[in-house]
Structures are given as C-alpha cells and as structure tokens.
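The primary structure of each chain is shown beneath.
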Amino acid sequence: MSKGLRCPSVRNYRLSFELLGAACGLAIPVAYFTGYEELAGVLIAAAAGLLLVASKVKPED
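Figured I'd write up the structure that's included with this text. These figures come from a predicted structure and were not determined experimentally.

This part covers the overall build of the chain. Assigned secondary structure in the chain consists of two helices and zero strands. Long-range pairs, those at least 24 residues apart, make up 59% of the contacts in the chain between residues at least 6 apart in sequence.

Put into structure tokens, the structure is as follows:
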C-alpha cells in the first residue's frame, strides 16, 4: 500500500498565517499614509482574520 501524500505539519500552517497577518499589519500604515485608505481598511480586516485563524489552529501533540 502507498503511504499517500504527507501533509505539512500544523505548525507550518500556524506560522504561515501569523507571518501573513504580520505582513498585513506592517502594510497598513504604508497604505494609509500614501493615500490608499480603502486598501488600509482591507488590510486591517485581512490581518485580523489571519491572526484569528492562526489563534484557532491547535498545535500538534
């Protein structure tokens, strides 16, 4: 029997969501102060959503 595809660990998913959330967080002031207020609003929502999802990912035992 084949073992199938290996899934990436949950830790990698959580780290990915946290890094993407942090990147959005860093882009918010840049977008806002260069005149893209609407983009800054979307980035706020995206950062909040990504960090929320990252907090819900349960670490492996």
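With that settled, the discussion passes to the nonpolar core. Formed by Cys24, Ile28, Ala31, Ala40, Leu43 and Ala47, the largest nonpolar core amounts to six residues. Elements represented by at least two residues in this core include exactly helix 1 (10-33) and helix 2 (37-56). Beyond its immediate chain neighbours, meaning those up to four positions away, Ala47 contacts Gly21, Cys24 and Gly25.

Here we take up helix 2. The first and last C-alpha atoms of helix 2 sit 29 Å apart over 20 residues, in line with the 28 Å expected at 1.5 Å per residue. Where helix 2 is concerned, the buried positions are Ala40, Leu43, Ala47 and Ala54. The arc enclosing the buried residues of helix 2, seen along the axis, measures out at 55 degrees, which places them on a common side. Exposed and oriented more than 90 degrees from the buried face of helix 2 are Glu38, Val42, Ala45 and Lys56.

Below, the discussion takes up a nonpolar patch on the surface. Nonpolar side chains collect at one region of the surface, where Tyr36, Leu39 and Val42 lie side by side and expose about 320 Å² of accessible area between them. Among the secondary structure elements, Leu39 is positioned in helix 2. For Leu39, a relative accessible area of 44% gives the class partly exposed.

What follows concerns the pattern of salt bridges. Pairing of side chains with opposite charge becomes possible as their charged atoms draw close. Per the stated rule, a full pass over the model turns up one salt bridge. Across the salt bridge formed by Arg14 and Glu18, the nearest N and O atoms sit 3.3 Å from each other. On the criterion of helical spacing, the pair formed by Arg14 and Glu18 is a turn pair, its members being four residues apart in helix 1. Residue classification places Glu18 among the partly exposed positions, given a relative accessible area of 32%.

Calculation notes
- Residues numbered from 1 in each chain as written.
- Predicted model: local features only at pLDDT ≥ 70, side-chain atom pairs only at ≥ 80, totals over all residues.
- Heavy atoms only, no water.
- Helix = DSSP H or I, 4+ residues; strand = E, 2+ residues; numbered from the N terminus.
- Contact = heavy atoms within 4.5 Å.
- Core = buried A, V, L, I, M, F, W, Y, C linked by side-chain atoms within 4.5 Å.
- Buried < 20%, exposed > 50% of the residue type's maximum accessible area, 1.4 Å probe, protein only.
- Expected span 1.5 Å × (residues − 1).
- Arc of directions from axis to C-beta.
- Patch = residues over 30% accessible without salt bridge, like charges linked within 9 Å, V, L, I, M, F, W, Y side chains within 5 Å.
- Areas by Shrake-Rupley, 256 points an atom, 1.4 Å probe, with all protein chains shown as cover.
- Salt bridge = Lys/Arg side-chain N within 4 Å of Asp/Glu carboxyl O.

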